[in-house]
Amino acid sequence: MSLPRARGGGGGGGRPPPPPPGAHPFWRRLRTRRSALVAAVVVALLVLTALAAPLLAGIEGQNPTTYHPDLVDSATGGVPLGSFGGIGAEHWLGVEPLTGRDLFARVVYGARVSLGVALGATVLQVVIGVLTGLAAGLGNRFVDQVFSRITDVMVALPVMVAALGALAVVPAGFPRPVLIALLVGLVGWTHISKIVRAKTLALKSLDHVAAARLSGWGSWQIARRELLPALAAPVITYAVLLFPANIVVEAALSFLGVGIKPPTPSWGQMLSDADTWYQAAPTYLLIPAGLLFVTVLALTVLGEGVRTALDPRAASRLRIGTGAKKEAGA
């Protein structure tokens, strides 16, 4: 008795039709979302700023670690001299209270740290989550139970507790940005693992995956050839949405004093130092806070655009700059 053909045609044995070739449908749907395109431009500018931090600081003629005590008023406790925190031709965003360090140089170098930590943590989360999710989904009942229990334990482990524990045992000379990326990545992979496991359990019951198993393919071959292409869309979507969340985590850890330490600049560490200067030098608080807000908002909007472009059947939760006609036409 032959297996019924999949509805919609395209392949025998119940195998679903292949996705449209190439990335053209994805880019076509993404281009219809103006909010996602604007967010992509903002993210690209932020990444270029982070990569070109030494060049930009060199053009200004400053660096993030040089103290300028002559630019702060010692009589008022270190408030920057001049208007708007000392903004001028030599210091484009003013100077840091108490130390007089150039704020523009610290902001652009801080972008490297904040974005770099978030990127490293996201990559680590995706790698661990995909591997553990595939192992749980393709393994037997015992393997699935083991990985599921490990995932449940990791879900209940707060990042802050892990950070405090690591700081007690990790040598002081260990690079703090690398440590934060490792901590966030090693603790925050659980949601991706659950998504991959659930998707794997659904996919491995399909006819083409069962046929591959009966033909003698190993678990790695099945995962690489049959499962990973189908898992790419949900994993990429979640990773793009996870990136801004990791920026917020790094900022929160630095703000609470267990993240990036001076003199290494990061936006969260700058916010931590600015909490006592918000009245005397408000620009010192507003600039990194505004940049952090814009970065998280742009990445969230871009992630939502990527999600709906990869899966056009999913309704967007952000209706900024989109139209029903455009989405229907895509």
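The preceding data block contains the structure.
What comes next concerns the included structure. (Residues numbered from 1 in each chain as written. Predicted model: local features only at pLDDT ≥ 70, side-chain atom pairs only at ≥ 80, totals over all residues. Heavy atoms only, no water.)

1. Examining the overall build of the chain
So, point 1. For the chain, the count of helices and strands is 13 helices and two strands.
So, point 2. Within the chain, buried positions represent 41% of all 330 residues.
So, point 3. Across the chain, the fraction of contacts at a sequence separation of at least 24, relative to all contacts at a separation of at least 6, is 70%.
So, point 4. When the accessible surface of the chain is summed, it comes to about 17,100 Å², and 69% of that surface belongs to carbon and sulfur atoms. (Helix = DSSP H or I, 4+ residues; strand = E, 2+ residues; numbered from the N terminus. Buried < 20%, exposed > 50% of the residue type's maximum accessible area, 1.4 Å probe, protein only. Contact = heavy atoms within 4.5 Å. Areas by Shrake-Rupley, 256 points an atom, 1.4 Å probe, with all protein chains shown as cover.)

2. Observations regarding the nonpolar core
In a soluble, globular protein the nonpolar side chains are often hidden away together inside.
So, point 1. Formed by 31 residues in total, the largest nonpolar core has its most connected members in Ile 247, Trp 267 and Tyr 284.
So, point 2. Only α1 (24–31), α2 (34–51), α4 (103–138), α10 (219–255), α11 (267–274) and α12 (282–310) provide two or more residues apiece to this core.
So, point 3. At nine residues, the largest contribution of residues to this core is made by α12.
So, point 4. Dropping the residues within four chain positions of it, Tyr 284 is found in contact with Glu 96, Pro 97, Leu 103, Met 270, Asp 273, Ala 274 and Trp 277.
So, point 5. By size, the runner-up hydrophobic cluster in this structure holds 16 residues, among which are Ile 222, Ala 223, Leu 227 and Leu 242. (Core = buried A, V, L, I, M, F, W, Y, C linked by side-chain atoms within 4.5 Å.)

3. Observations regarding unusual backbone geometry
So, point 1. Here the bond from Pro 262 into Pro 263 is cis, since omega is 5°, no more than 30 degrees from zero.
So, point 2. Among the structural elements, Pro 263 can be located in the loop between α10 and α11.
So, point 3. Phi at Phe 84 is positive, roughly 50°, even though this residue is not glycine.
So, point 4. Even without being glycine, Leu 98 reaches a positive phi, approximately 75°.
So, point 5. Assignment of secondary structure puts Leu 98 in the loop between β2 (79–80) and α4.
So, point 6. By relative accessible area, Leu 98 is classed as exposed at 57%.

4. Re the packing of α10 against α11
So, point 1. At a closest axis distance of 7 Å, the pairing of α10 and α11 adopts a crossing angle of 35°. The handedness of the crossing between α10 and α11 is right-handed. Side by side, α10 and α11 meet where Glu 250, Ala 251, Ser 254 and Phe 255 of the first sit next to Gly 268, Gln 269, Leu 271 and Ser 272 of the second.
So, point 2. In terms of residue class, the contact of α10 with α11 is built from three nonpolar, four polar and one charged. (Axes fitted to C-alpha atoms, helices over the stretch in contact; angles between N-to-C directions. Left-handed = near helix turned anticlockwise from the far one by under 90°. Nonpolar A, V, L, I, M, F, W, Y, C, P; charged D, E, K, R; others polar.)

5. Quick word on the packing of helix α8 (residues 190–203) against α10
So, point 1. The contact between α8 and α10 brings their axes to 10 Å, and the two run at 155°. Judged by the angle between their axes, α8 and α10 are roughly antiparallel. Taken as a pair, α8 and α10 cross one another with a handedness that is right-handed. Side by side, α8 and α10 meet where His 191, Ile 192, Ile 195, Val 196, Lys 199, Thr 200 and Leu 203 of the first sit next to Leu 227, Ala 230, Leu 231, Pro 234, Val 235, Tyr 238 and Leu 242 of the second.
So, point 2. Grouping the amino acids of the contact of α8 with α10 by side-chain chemistry returns eleven nonpolar, two polar and one charged. (Parallel < 35°, antiparallel > 145°, perpendicular 65-115°, else oblique.)

6. Let's talk about the pattern of salt bridges
Side chains bearing opposite charge may pair, as long as their charged atoms lie close to each other.
So, point 1. Considering all chains together, one arrives at five salt bridges under this definition.
So, point 2. Between Glu 96 and Arg 101 there is a salt bridge, with the nearest N and O atoms lying 2.7 Å from each other.
So, point 3. Here Asp 152 ties to Arg 149 by a salt bridge, and the two come within 3.0 Å at their closest N and O atoms. Residue Asp 152 and its partner Arg 149 are both found in helix α5 (residues 141–155); the two are separated by three residues, about one turn of the helix.
So, point 4. Bridged by salt links that share partners, the residues Glu 96, Arg 101 and Arg 106 form one connected network. (Salt bridge = Lys/Arg side-chain N within 4 Å of Asp/Glu carboxyl O.)

7. Examining a nonpolar patch on the surface
So, point 1. Together, Val 41, Leu 45, Val 47, Leu 48 and Leu 51 line one region of the surface with nonpolar side chains, adding up to about 480 Å² of accessible area.
So, point 2. Mapped onto the elements, Leu 51 comes out in helix α2.
So, point 3. Looking at Leu 51, the relative accessible area reads 58%, which means it is exposed. (Patch = residues over 30% accessible without salt bridge, like charges linked within 9 Å, V, L, I, M, F, W, Y side chains within 5 Å.)

8. Some remarks on α11
So, point 1. Among the eight residues of α11, seven are classified as buried, and the element is accordingly described as predominantly covered.
So, point 2. Taken together, the buried positions of α11 are occupied by Trp 267, Gly 268, Gln 269, Met 270, Leu 271, Ser 272 and Ala 274.

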